[in-house]
Number of protein chains: 2
Amino acid sequence: MKNPPSLDHLIAALKVLPGVGPKSAQRMAFHLLQREQAGAEKLARALDRALSSLVHCERCNTFSETPLCNLCADSERNQSQLCVVEMPADLLMLEQARCFDGLYFVLMGRISPLEGLGPREANLDKLLLRAQDGVVEEVILATNFTAEGEVTAHMIGELLKQRGLKVSRIARGMPVGGELEHVDPGTLAQALYERRQA
Amino acid sequence: MKNPPSLDHLIAALKVLPGVGPKSAQRMAFHLLQREQAGAEKLARALDRALSSLVHCERCNTFSETPLCNLCADSERNQSQLCVVEMPADLLMLEQARCFDGLYFVLMGRISPLEGLGPREANLDKLLLRAQDGVVEEVILATNFTAEGEVTAHMIGELLKQRGLKVSRIARGMPVGGELEHVDPGTLAQALYERRQA
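Keep in mind that this is a model prediction, so the values were computed, not measured.

**Considerations on the overall build of chain A**
Part 1: Within chain A, the regular secondary structure consists of seven helices and six strands.
Part 2: Listing every helix and strand of chain A by position from the N terminus yields α-α-α-β-β-β-α-β-α-β-α-β-α.
Part 3: Whereas a compact globule of 198 residues would reach a radius of gyration of roughly 16 Å, chain A reaches 21 Å, over 25% beyond that.
Part 4: Counting the 198 residues in chain A, one finds 43% classified as buried.
Part 5: Counting every atom, chain A has about 10800 Å² of accessible surface; 53% of that belongs to carbon and sulfur.
Part 6: Between the centroid of the 22 positive side chains of chain A and the centroid of its 25 negative side chains there is a distance of 5 Å.

**A word on the relation of the copies chain B and chain A**
Part 1: Once chain B is rotated about the relating axis by 179 degrees and shifted along it by 0.0 Å, it coincides with chain A to within an RMSD of 0.1 Å. Accordingly, the operation relating the two chain copies is best matched by a two-fold axis. Across chain B, the rotation axis passes nearest the C-alpha of Ala44 of chain B, at a separation of 2.2 Å.
Part 2: Counting the interface residues of chain B, we find that 100% of their copies in chain A are interface residues as well, pointing to one common contact surface.

**Some words on the pairing of strand β4 (residues 102-106) of chain A**
Part 1: Burial analysis of β4 of chain A places five of its five residues in the buried class, the great majority of the element.
Part 2: Between the parallel pair strand β3 (residues 78-85) of chain A and β4 of chain A, the chain is carried across by helix α4 (residues 88-97) of chain A, and the sense of this crossover is right-handed.

**Some words on the sheet that holds strand β6 (residues 166-169) of chain A**
All names here are of chain A.
Part 1: One open sheet accounts for four strands, arranged β4-β3-β5-β6; its pairing is parallel. If you trace the sheet from one side to the other, it starts and ends with β4 and β6, each paired once. Sheet twist, expressed as the mean angle between neighbouring strand axes with direction ignored, is 25 degrees.
Part 2: Pairing between β3 and β4: five bridges, direction parallel. Following the sheet pairing, Leu82 is matched in β4 by Leu103.
Part 3: α4 rests against β3 and β4 of the sheet, and its axis sits at about 160 degrees to β4.

**Some remarks on the interface of chain B and chain A**
Part 1: Listed per partner, the contact involves 57 residues of chain B and 57 residues of chain A.
Part 2: Overall, the association of chain B and chain A removes approximately 5100 Å² of surface from exposure, summing both partners, and the carbon and sulfur fraction of that is 72%.
Part 3: The partner of Arg45 of chain B in a salt bridge is Asp48 of chain A, and the shortest N-O contact between them spans 3.0 Å.
Part 4: Elements supplying a minimum of two residues to the side of chain B that touches chain A: α1 (5-14), α2 (22-35), α3 (37-53), β2 (63-64) and α4 (88-97) of chain B.

**Considerations on helix α6 (residues 147-162) of chain B**
Residue and element names in this part refer to chain B.
Part 1: Along its 16 residues, α6 runs 23 Å from first to last C-alpha, staying within 8% of the 22 Å computed at 1.5 Å per residue.
Part 2: Those residues of α6 that are buried lie in contact with β3 (78-85), α5 (124-131), β5 (138-141) and β6 (166-169).
Part 3: Looking one or two places after α6, you find Gly164, whose phi comes out positive at around 80 degrees.

**What to know about the sheet that holds β5 of chain B**
All names here are of chain B.
Part 1: Overall, parallel pairing links the four strands, which are arranged β4-β3-β5-β6 in an open sheet. Two strands close off the open sheet at either side, each with one partner strand: β4 (102-106) and β6. Along the sheet, successive strands turn relative to each other by an average axial angle of 25 degrees, direction set aside.
Part 2: The sheet strands contacting α4 are β3 and β4, and the helix crosses β4 at an angle near 160 degrees.

**Structural notes on the nonpolar core**
Part 1: Counting residues in each nonpolar core, the largest one holds 116 residues, and the members touching the most others are Leu17 of chain A together with Leu17 of chain B.
Part 2: Contact partners of Leu17 of chain B, with chain neighbours within four places excluded, come to Leu14, Leu17, Met28, Leu32 and Leu43 of chain A together with Met28 of chain B.

**Details of the side chain of Asn3 of chain B**
Part 1: For Asn3 of chain B, the location among the structural elements is in the segment before α1.
Part 2: With relative accessibility at 12%, the residue Asn3 of chain B sits in the buried group.
Part 3: Engagement of the side chain of Asn3 of chain B in a polar contact is seen with the side chain of Asp8 of chain B, the distance being 3.3 Å.
Part 4: Among residues more than four places away in sequence, those in contact with Asn3 of chain B are Pro88 and Leu92 of chain A together with Asp8 and Ile11 of chain B.

What counts, and where the lines are drawn
- Residues numbered from 1 in each chain as written.
- Chains lettered and ligands numbered in written order.
- Predicted model: local features only at pLDDT ≥ 70, side-chain atom pairs only at ≥ 80, totals over all residues.
- Heavy atoms only, no water.
- Helix = DSSP H or I, 4+ residues; strand = E, 2+ residues; numbered from the N terminus.
- Rg over C-alpha atoms; globule rule 2.2 N^0.38 Å.
- Buried < 20%, exposed > 50% of the residue type's maximum accessible area, 1.4 Å probe, protein only.
- Areas by Shrake-Rupley, 256 points an atom, 1.4 Å probe, with all protein chains shown as cover.
- Lys, Arg positive; Asp, Glu negative; His and termini not counted.
- Charge placed at Lys NZ, Arg CZ, Asp CG, Glu CD.
- Least-squares fit on C-alpha atoms with pLDDT ≥ 70 in both.
- Contact = heavy atoms within 4.5 Å.
- Right-handed = clockwise from strand over helix to strand, strands pointing away.
- Pairing = 2+ DSSP bridges.
- Axes fitted to C-alpha atoms, helices over the stretch in contact; angles between N-to-C directions.
- Buried area = accessible area lost by both parts, 1.4 Å probe.
- Salt bridge = Lys/Arg side-chain N within 4 Å of Asp/Glu carboxyl O.
- Expected span 1.5 Å × (residues − 1).
- Core = buried A, V, L, I, M, F, W, Y, C linked by side-chain atoms within 4.5 Å.
- Polar contact = N/O pair within 3.5 Å; in protein donor to acceptor, adjacent residues only side chain to side chain.

Rendered as structure tokens:
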């Protein structure tokens, strides 16, 4: 006695999702077939549509439905500043903060030797080409402050400085509204080391 | 600045999966588009195939590609014993244990007022019809020993006993190979209460 083949196929296919093992894949398959047939149908269509219509913006590498994304196509943005982030979600957060009117480069990854992610997975070649277009004057590194994000920022920084570009890193320190009593000691230490003259 | 619509659609569609919120849906979408395009394509096809080819077996209610599943169609199984389980995975576990040669009924759910699952979600009508076919002599309740599984077993047991059927419940007790020192107190207490004459 085994599952019908189409059920086994669905369970196997769901395991491609990050963080989904055999048990959760099975639970997801049963849930979709038993209680969410309409949702499953929508998911299949959304996958097809995303696969067929999304490309990487040829300038900033983010997901886009056009060769050049809306943001890169906007001539009112400051063309001399390029902000490097790991993922499209980071770009959206920065845009929400309304603090930057330059352009972005989205790595679509990070350098993480432990996960087998090297310079190729982080699209560093594409970034180096983009940063040396002759218009970009400053590259702002806004990768995460995780171990991987820091390694990535360091490596990009070295490569770009060798090529004569001005490179900066967004600041570490106390969060806005943060209380010393409640912030973690590492952040507090960094805020002290990187103190600015008042 | 927003995500392209097809990306937002995919993120929204992934939220239909159990236990997947906005953040993990976004992570899944990026993972599929960035590193697993082939897997995403396979997932869309597997969803389509499962939706179009799986039905509920008309006798035992499990997922099947034919109106009658292989197990129900097997005339060598003991037709007088009907074992009730919650999900197809439970049926497979019992088959792996090679301890039962009767037939099954798969509830495809459980009774769980807290989750809004009542007798209808647990397909009790279909079970009552199935159990009263005149051939079934004993119904063995093999729902989980969780609170919901116990409630489900109790309710089914009452309904079937009212209809004159013999009903049994699989035993609680010490696991095979289990050591008293390492088993949980609840299981140990049940094993003591339900002790059998040696």
